[in-house]
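Chain and residue survey
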Amino acid sequence: MTPLPLAPIVLTPLVVLALATVLTWVERRLLGLWQDRYGPNRVGPGGMFQAVADGIKLLFKQDWVPPFADRGVFVLAPAIGMMTVLLSFAVIPLAAGGIAGGLNVGLLFILAMMGLGVYAVVLAGWASDSKYALLGGMRAAAQMISYEVFMALSLLGVVMVAGSFSLRDIVAAQSGLWFIIPQGLGFVVFLLAGIAETHRLPFDLPEGENELGAGFHTEYSGMKFGMFFIAEYAGIVLVSALATTLYLGGGNGLLLPAPVWFALKTGVIVAFFILLRAGLPRPRYDQLMGLGWKVLLPLSLLNVLATGTVMMLRAS
Amino acid sequence: MYVLPLLSGGLTLVGAMMVVTCPVAVHAVLYLVVTLLSLAMVLAMLGAQFAAALEIIIYAGAIMVLFVFVIMMLNLGQPDRDREKEWLRPRAWIGPGLLAVVACGELLYGLPTLSDPDGAVFPIDARDVGLSLFGTYVLMVELASFLLLAGLVTAFHIGRTLRERP
């Protein structure tokens with residue numbers, strides 16, 4: 001048995017959590033920039049410590065479980081959300097190799113974790129036992145199950161070209177040409193599905209604060225809400241890191257060392273996520289589902305078909 | 001060396017028992033998810049990592065979420081819990097339970113006599129699964145897709161919006 005890589009196992013969650021916390025501040029500053037306003041700029045230089053202040057506030061808030069809620073599931077839900085996201089990072093092949101970057105079903109492992117992540121939102125909605133939360137949970141269930149389909153189908157193209165589910169092999173297969181060029185269609189579908197999976201604006205209908213209060217986490221307060229909040233940002237980092245790994249060549253790049261390239265590419269996609277939030281309004285629920293099943297599903301199937309055809313023609 | 005598989009197997013058993021005995025439907029589904037996850041661990045330890053990943057994605061990640069979705073739509077409350085408790089009286093389960101204990105005892109007694117599968121564990125990856133699905137068992141796959149298509153057509157027929165007749 002190989003010894004456990006203890007240092008990455010301890011460091012990865014800490015780094016991801018710190019990143020997610022800083023990202024809350026980065027997002028608000030960028031939103032301010034793009035929407036022509038200030039954003040948080042009082043706490044520390046440029047408002048940098050706003051995230052810390054928010055964290056302290058959340059920690060010292062009363063941790064209240066509604067008396068009508070299903071206590072066990074109510075407490076479990078945020079933990080599931082956090083755990084599934086953090087576990088997914090285990091197979092992301094960062095420059096150091098990650099924890100299990102070479103796992104031969106790495107990509108499927110991430111899809112499995114994303115599939116389990118649905119429970120956090122759905123169970124939070126159910127356990128809260130209030131109407132807004134329940135509606136949010138039901139929306140989340142339908143939305144995330146649907147978009148998982150398109151996400152998996154769009155990734156199929158990459159798997160076909162690379163010939164492996166292992167993320168390390170997929171990165172190695174991109175040493176010549178990044179997969180964003182031959183798999184551009186898959187990349188677009190993947191990004192859209194990624195936004196829906198992390199239920200971010202413009203696809204944040206499970207939360208939809210103007211119509212559902214705050215959706216599935218209406219009844220949550222204190223650090224349990226904080227867990228949902230941080231897990232969402234960690235989810236953004238995850239989808240961006242995954243897009244970097246699968247389509248942008250991972251740590252491959254000229255001159256600079258691999259971790260720097262990885263961080264740069266991931267950062268660009270995270271910024272794009274925030275730009276989408278700043279720029280786009282939220283669609284209606286039927287429009288969201290219509291886009292998924294009527295546009296993205298045929299597109300991703302077409303992508304698989306085209307990739308297969310090209311591969312067969314090349315082979316013959 | 002058998003600690004991890006035995007632990008996963010034990011989790012599977014306890015989870016399955018809790019699925020049957022839980023009066024709250026969502027809790028039962030959660031225990032079923034635990035059962036599926038530990039079963040996937042057993043599969044992974046036997047070298048079938050692809051099957052393990054598929055089990056989590058499809059069963060735990062999709063089908064069970066749909067179960068929760070349906071339970072949420074039904075809005076079961078206290079009356080349902082009371083009814084479930086009513087059904088779980090010892091009178092109902094003691095007979096089958098005793099028979100199952102006898103069967104389990106027989107299995108445990110016979111277990112040491114089973115031959116050891118000479119320790120060789122073959123990892124089965126996606127390529128092997130794909131080759132046997134679309135090679136040896138292609139007819140089965142096609143028949144299953146017919147079945148799914150029939151289900152799809154039925155769902156579309158039931159779920160269509162009725163047009164007003166002119």
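Residues numbered from 1 in each chain as written. Chains lettered and ligands numbered in written order. Predicted model: local features only at pLDDT ≥ 70, side-chain atom pairs only at ≥ 80, totals over all residues. Heavy atoms only, no water.

Some thoughts on the domain arrangement of chain B
Rules: Start and end points for every domain follow an automatic or database-based domain assignment.
Here the domain parsing of chain B yields domain 1 (3–121) and domain 2 (134–166). Computed over C-alpha atoms, the centres of domain 1 of chain B and domain 2 of chain B are 30 Å apart.

As for the pattern of salt bridges
All names here are of chain A. The condition is simple: Salt bridges, as used here, are contacts in which a Lys or Arg side-chain nitrogen is within 4 Å of a carboxyl oxygen on Asp or Glu. For helices the rule is a DSSP run of H or I covering at least 4 residues; for strands it is a run of E covering at least 2, with both sets numbered from the N terminus onward. Under the scheme applied here, a residue whose accessible area is under 20% of the maximum for its type counts as buried, over 50% as exposed, and between as partly exposed, the area being computed with a 1.4 Å probe on protein chains only.
According to the stated counting rule, one finds 7 salt bridges over all chains in the structure shown. Between Arg200 and Glu27 there is a salt bridge, with its nearest N and O atoms 2.5 Å apart. With a gap of 173 residues between them, Arg200 in the loop between α7 (184–197) and α8 (209–212) and Glu27 in helix α1 (residues 6–34) connect regions that are remote in the sequence. Take Arg200 and Glu27: they sit in the same class, and that class is buried. A salt bridge links Asp286 to Arg284, with the shortest nitrogen-to-oxygen separation between them at 2.9 Å. Look at Asp286 and you get partly exposed, because its relative accessible area is 47%. A single salt-bridge network, built from bridges that share partners, covers Glu27, Arg200, Glu232 and Arg277.

What about the packing of aromatic side chains?
Residue and element names in this part refer to chain A. The line we're drawing: Pairing of aromatic side chains here covers Phe, Tyr and the six-membered ring of Trp, requires ring centres within 6.5 Å, and sorts the geometry by plane angle: under 30 degrees stacked, over 60 edge-to-face, intermediate tilted.
The full count for this structure, using the stated rule, is 11 aromatic pairs over all chains. Pairing Phe74 with Tyr220 gives two aromatic rings, centres 4.0 Å apart and planes at 5°, and the pair type is stacked. Residue Phe74 is found in helix α3 (residues 71–88), and its partner Tyr220 is found in the loop between α8 and α9 (222–247); the two are separated by 146 residues along the sequence. Taking the relative accessible area as the measure of exposure, Phe74 reaches 0% and is therefore buried. A centroid spacing of 5.7 Å and a plane angle of 25° characterise the contact between Phe225 and Phe229, whose relative ring orientation is stacked. Here Phe229 and Phe225 lie together in helix α9, a separation of 4 residues that amounts to about one turn. Looking at Phe225, the relative accessible area reads 24%, which means it is partly exposed.

Details of the confidence of the model for chain B
Residues and elements named next belong to chain B. Put simply, the rule reads: The quantity known as pLDDT measures the predictor's confidence residue by residue, on a range of 0 to 100.
Per-residue confidence for chain B gives a mean pLDDT of 84; residues scoring 70 or more make up 93%. No element of chain B has a lower mean pLDDT than helix α4 (residues 78–87), at 78, and none a higher one than helix α7 (residues 138–159), at 92. Interface scoring of the predicted complex returns ipTM 0.83; its pTM is 0.86.

Here we look at the interface of chain A and chain B
Size of an interface: often given as the accessible area lost when the parts come together. Stated precisely, the cut-off is as follows: Two residues qualify as a contact provided that any one of their heavy atoms is within 4.5 Å of a heavy atom in the partner residue. The buried area of a pairing is the accessible area, by a 1.4 Å probe, that goes missing from both parts when the two are put together, added over both. Nitrogen and oxygen atoms within 3.5 Å of one another constitute a polar contact, given that in protein one can donate a hydrogen and the other can accept it, and given that sequence-neighbouring residues count only through two side-chain atoms.
Between chain A and chain B, the contact holds 24 residues from the first and 22 residues from the second. Interface area, chain A with chain B, both sides summed: about 2100 Å², of which 81% is carbon and sulfur. Looking only at chain A, the three residues that lose the most surface to chain B are Tyr119(A), Trp126(A) and Met138(A), adding up to 29% of its buried area. Applying the counting rule to chain A against chain B returns 0 salt bridges. For the pair chain A and chain B, the interface holds 2 residue pairs in polar contact (both at pLDDT 80 or more). Secondary-structure elements contributing two or more residues to the side of chain A that touches chain B are α3, α4 (106–128) and α5 (131–162) of chain A. In terms of residue count, α4(A) provides more of the side of chain A that touches chain B than any other element does, 10 residues in total.

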